[in-house]
2 protein chains.
Amino acid sequence: MTDPLDPATDRRPGGRTARVRAQVLDAVRAELTEGGHQGLSIEGVAKRSGVHRATVYRRWRDVGGLLVDVIEAAGEIDWQPPDTGSLRGDLTALNQEIQDSLVVQPSFAVALMAASFHSEQAAGAQTRLWADRYAQCEVLVERAVARGELPAGRTDAQSLLIAATAPLYHRLVLLRAHPDPQLPDRAAKAAVLAAAAGAFSVSREEDV
Amino acid sequence: MTDPLDPATDRRPGGRTARVRAQVLDAVRAELTEGGHQGLSIEGVAKRSGVHRATVYRRWRDVGGLLVDVIEAAGEIDWQPPDTGSLRGDLTALNQEIQDSLVVQPSFAVALMAASFHSEQAAGAQTRLWADRYAQCEVLVERAVARGELPAGRTDAQSLLIAATAPLYHRLVLLRAHPDPQLPDRAAKAAVLAAAAGAFSVSREEDV
């Protein structure tokens, strides 16, 4: 079984298989970040990783297989959501991580999003990764409810998390705006105010 | 000058130039929607449009030129932001339009976003189009202030509009979630509640 605490782990931890996978995925990340998915090829990855082409073909089959595995490997990293003591602080820290990953040049995160428009396999793997990350972050909302920061009754944690984080992706990836150092906190603040006003309540009241 | 009220217009309105442009851009839209930007070529557009290849080359130069012009043409359409009588109604109607454009299969809007990851020119044109659309939508916020729906003092209209619309793009384009018929209204409601609580106030108070 995978040890989720070790980012370099493999389904068969340690040993040659794990080392080969680590070499290949390092090469995929580098090729993807530098040249985008359009420059990604089994040949290029084999050459860069020093792993035999036949091995790469056998294990990953095609570019889609490489993309899926590099996304799954990202999901195996021991990522933990922030824990700052307040919902706004947690969401700001989360947004800061997101902003950092999107504005770094070149950005692996943006390259993966671009690739997902062109590979059904990569899109599926990325959808699963997002779903896992948002599920992990639901604890931020649970803690906020326990601290009395959110109104009683169930809050739709995913809607709150998406409201907090979506403006970062929208501005930086789709609108290609210049990064604003205030944005992580501002987007967090807006989501917290909306949540406090009951915007994400699970109750059936749809009227403001 | 361009007549912005006529979507079929050209910089030289009427006449052969405008007709050629309309034919070529119809072909670009069709090729892009069916096969994505990776399938887009001067040759394919010339063939589909019935316009001579040399004419397409001379006027649009390359795929980047075709993408820029098709995005600029989208900006020339006489689009008007909704006017329903309430901020929540306006934002819901806006979100409904966005959702419709993103969930239609195949989606021209999604194809343009994908293309913008691969063409600096297309990305620039799309950034200008988004900026124009958000600027047009600022009137929704002005009307809401005039109706007394938003607190006195200036509201950062663009931040409010992005908060309202970003969850649609995030869920449908990046997370590839199934469309939720309630989402346009829910995202509008959350933004309105946040705005009413002062989340987008331009004042210097950053504390909740």
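Keep in mind that what you see is a predicted model, and the values were worked out from it rather than measured.

About the thresholds
- Residues numbered from 1 in each chain as written.
- Chains lettered and ligands numbered in written order.
- Predicted model: local features only at pLDDT ≥ 70, side-chain atom pairs only at ≥ 80, totals over all residues.
- Heavy atoms only, no water.
- Core = buried A, V, L, I, M, F, W, Y, C linked by side-chain atoms within 4.5 Å.
- Buried < 20%, exposed > 50% of the residue type's maximum accessible area, 1.4 Å probe, protein only.
- Contact = heavy atoms within 4.5 Å.
- Buried area = accessible area lost by both parts, 1.4 Å probe.
- Salt bridge = Lys/Arg side-chain N within 4 Å of Asp/Glu carboxyl O.
- Polar contact = N/O pair within 3.5 Å; in protein donor to acceptor, adjacent residues only side chain to side chain.
- Helix = DSSP H or I, 4+ residues; strand = E, 2+ residues; numbered from the N terminus.
- Least-squares fit on C-alpha atoms with pLDDT ≥ 70 in both.
- Axes fitted to C-alpha atoms, helices over the stretch in contact; angles between N-to-C directions.
- Parallel < 35°, antiparallel > 145°, perpendicular 65-115°, else oblique.
- Nonpolar A, V, L, I, M, F, W, Y, C, P; charged D, E, K, R; others polar.
- Domains from an automatic or database assignment.

Student: Quick one: what's the story with the nonpolar core, residue by residue and with numbers?
Tutor: The nonpolar side chains of soluble globular proteins are, as a tendency, buried together. Of all hydrophobic cores here, the largest spans 80 residues; its most connected members are Leu91(A), Leu160(A), Tyr169(A), Leu91(B), Leu160(B) and Tyr169(B). Not counting residues within four places of it along the chain, the set of residues in contact with Leu91(B) comprises Leu140(B), Leu160(B), Leu161(B), Ala164(B), Ala188(B) and Val192(B).

Student: So what about the interface of chain B and chain A? Which residues, and what values?
Tutor: Each partner contributes residues to the interface: chain B has 41 residues there, and chain A has 41 residues. Across the interface of chain B and chain A, roughly 3,900 Å² is buried in total on both sides, 61% from carbon and sulfur atoms. If you look at where chain B meets chain A, you find zero salt bridges. Across the contact surface, chain B and chain A share 13 residue pairs in polar contact (both at pLDDT 80 or more). Broken down by secondary-structure element, the contributors of at least two residues to the side of chain B that touches chain A are helix 6 (108-116), helix 7 (120-146), helix 8 (157-174) and helix 9 (183-196) of chain B. Counting residues per element, the side of chain B that touches chain A draws most heavily on helix 8 of chain B, at 11 residues.

Student: Which residues make up the pattern of salt bridges, and what values do they have?
Tutor: Residue and element names in this part refer to chain A. Evaluation of the coordinates by the stated rule reveals 23 salt bridges over all chains. Measuring nitrogen to oxygen at the nearest pair gives 3.0 Å for the salt bridge that ties Asp26 to Arg29. With Asp26 and Arg29 both in helix 1 (residues 15-35) and three residues apart, the pair spans about one turn of that helix. With a relative accessible area of 47%, Asp26 lands in the partly exposed category. The residue Arg48 makes a salt bridge to Glu34 at a minimum N-O spacing of 2.8 Å. Linking Arg48 in helix 2 (residues 42-49) with Glu34 in helix 1, this pair joins segments that are 14 residues apart in sequence.

Student: Break down the relation of the copies chain B and chain A for me, citing the residues and quoting the values.
Tutor: Superposition of chain B onto chain A requires a rotation of 180° combined with a translation of 0.0 Å along the rotation axis, giving an RMSD of 0.0 Å. Given the turn and translation reported, the copies of this chain are related as if by a two-fold rotation axis. Residue Ala194(B) of chain B places its C-alpha closer to the rotation axis than any other residue of that unit, at 2.2 Å. Both copies share a contact surface, since 100% of the interface residues of chain B are interface residues in chain A too.

Student: Residues and numbers for the packing of helix 1 of chain A against helix 4 (residues 63-76) of chain A, please.
Tutor: Residue and element names in this part refer to chain A. For the pair helix 1 and helix 4, interaxial distance at closest approach is 10 Å and the crossing angle is 105°. It follows from the interaxial angle that helix 1 and helix 4 lie roughly perpendicular. Contacts between helix 1 and helix 4 pair Arg21, Val24, Leu25, Val28, Arg29 and Leu32 from the former with Leu66, Leu67, Asp69, Val70, Ala73 and Glu76 from the latter. Residues belonging to the contact of helix 1 with helix 4 are distributed by class as follows: eight nonpolar, no polar and four charged.

Student: With reference to specific residues and values, describe the domain arrangement of chain A.
Tutor: Residue and element names in this part refer to chain A. You can read the domains of chain A as domain 1 (7-75) and domain 2 (87-207). When each unit is reduced to the centre of its C-alpha atoms, the spacing between domain 1 and domain 2 is 29 Å. Domain 1 puts 14 residues into the contact, and the matching count from domain 2 is 16 residues. Taken over both partners, the interface formed by domain 1 and domain 2 buries close to 1,200 Å², and the fraction arising from carbon and sulfur atoms is 76%. A per-residue breakdown of the area domain 1 buries against domain 2 is headed by Thr33, His37 and Ile71, which together make up 45% of the total. At the surface where domain 1 touches domain 2, the tally comes to one salt bridge.

Student: Let's hear about the environment of Leu67(B): which residues, and what values?
Tutor: Residues and elements named next belong to chain B. Within the secondary structure layout, Leu67 lies in helix 4 (residues 63-76). Residue Leu67 is classed as buried on the basis of its relative accessible area of 2%. For the pair formed by Leu67 and Leu25, sequence separation is 42 residues and the distance between their alpha carbons is 9.0 Å. The contacts of Leu67, once residues within four sequence positions are left out, are Leu32, Leu40, Leu112, Ala115, Ser119 and Ala122.

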